[in-house]
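Next come the chains, spelled out residue by residue.
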Amino acid sequence: MIEIKKLTKQADNKLILRGVDLSIKKGETVAILGPNGAGKSTLLKVLATLIKPTSGVIKINGMDLKKNHIEIKKIMGYLPHSSLLYDHYTPLENLIFFGNIYGVKNVEQRAIALVKEVGLSFFLNEPVKNFSRGMIQRIAIARAIVHEPEILLLDEPHTGLDQGAIVILNNVILSMKAKGTTTLMVTHDFKQAAEICDRIIIVKNGKIVDDFRIENHNLGFVSEKYEQLVEGVS
Ligand SMILES: Nc1ncnc2c1ncn2[C@@H]1O[C@H](COP(=O)(O)OP(=O)(O)OP(=O)(O)O)[C@@H](O)[C@H]1O
Ligand SMILES: [Mg+2]
């Protein structure tokens, strides 16, 4: 599904990604953990075709990311740190707008259903500019999945969400997984990573330093591994 070989990314003479090799299967839910500045968001941006790699090869469904980026964009859903929403548009208008870009059928119906799914039906026709951070994040999540992407790239998706919204988001990810969606989620929230992911990748100084599977939502195991590798505790 996703094959990354010898990926590097340099910016301003700084090597941000220093040779990333990664293979992800369809339907996997992968958490990317690592300290601030490790290169996690940069990795996601390269996959989302927002920035170009300096060297290396990335294949998605057998397609080369460089050559087929238009095709690949259609099957990706990307939730960055910023919401990408239009402030003066309502949730309904935003979702219809983005849905139309992807050619979503029955887009208004889909938009209404998504706003309901993220628990904001009451605010369907209120401009997003009046929303709180958590409300914006809920709509941003809906935007990222409006076209039912095969690959979901989430950059710290739980940030700013209340407990109810965390449950909603986790259910969204798990129900998409059940339909075969592959998810890559950058997070500092080990609890959520253990809750919904079946594989953990740890990035440090632009490299993958660990890659392991987790079972039974074993949060202790994740924290232990992270401490050993990132904080140097043995
Ligand atoms: N366009 C750029 N030009 C120069 N340096 C950059 C650029 N983008 C990112 N960097 C640097 O690359 C490093 C990795 O950034 P990145 O945003 O990928 O980190 P991160 O792992 O997502 O961190 P955080 O946990 O804080 O979000 C940082 O040192 C950052 O300053
Ligand atoms: Mg980041």
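> Just to check I follow, could you spell out the pairing of strand E4 (residues 55-60) for this structure?
A regular strand places its side chains on the two faces of the sheet in alternate fashion. Where strand E1 (residues 2-11) lies against E4, 5 bridges are found, and the strand directions are antiparallel. Directly across from isoleucine 4, in E4, lies its bridge partner isoleucine 58. With 2 bridges joining them, E4 and strand E5 (residues 63-64) adopt antiparallel strand pairing. Residue isoleucine 60 lies in a different strand from E5, and its bridge partner there is methionine 63. The hairpin turn running from E4 into E5, its antiparallel successor, is 2 residues long, and asparagine 61 in that turn takes a positive phi close to 50°.

> Before we go on, may I ask you to explain the packing of helix H3 (residues 91-101) against helix H5 (residues 133-145) in this structure?
Between two packed helices, what matters for the description is the angle formed by their axes and the separation of those axes. At a minimum axis separation of 9 Å, H3 and H5 run at an interaxial angle of 25°. When the interaxial angle is binned, H3 and H5 end up roughly parallel. Judged by the twist between their axes, the crossing of H3 over H5 is right-handed. Contacts from Pro91, Leu95 and Phe98 of H3 reach H5 at Ile139, Ala142 and Arg143. Its residues assigned to classes, the contact of H3 with H5 comprises 5 nonpolar, no polar and 1 charged.

The rules behind these values
Each residue is numbered by its place in its chain's sequence as written, counting from 1. All chains are assigned letters beginning with A, and all ligands numbers beginning with 1, in the order in which they are written. Given that this is a predicted model, residues contribute local features only at a pLDDT of at least 70 and side-chain atom pairs are listed and counted only at 80 or more, while totals for whole chains, interfaces and linings are drawn from all residues. Hydrogens and waters are ignored; side-chain quantities use all the structure's heavy atoms. The pairing criterion for strands is at least two bridges between them, as found by DSSP. The secondary structure listing takes helices from DSSP runs of H or I that are at least 4 residues long and strands from runs of E that are at least 2 residues long, numbered from the N terminus. Axis definition: a line fit to C-alpha positions, over the contact stretch in the case of helices; interaxial angles, taken between N-to-C directions, run 0 to 180 degrees. Between 65 and 115 degrees an angle is taken as roughly perpendicular, under 35 as roughly parallel, over 145 as roughly antiparallel, and anywhere else as oblique. Note on convention: the crossing is left-handed when the near helix lies turned anticlockwise from the far helix by less than a right angle, right-handed when the turn is clockwise. We call two residues contacting when some pair of their heavy atoms lies within 4.5 Å. Amino acids outside the nonpolar list (Ala, Val, Leu, Ile, Met, Phe, Trp, Tyr, Cys, Pro) and the charged list (Asp, Glu, Lys, Arg) are all regarded as polar, and Gly is one of them.

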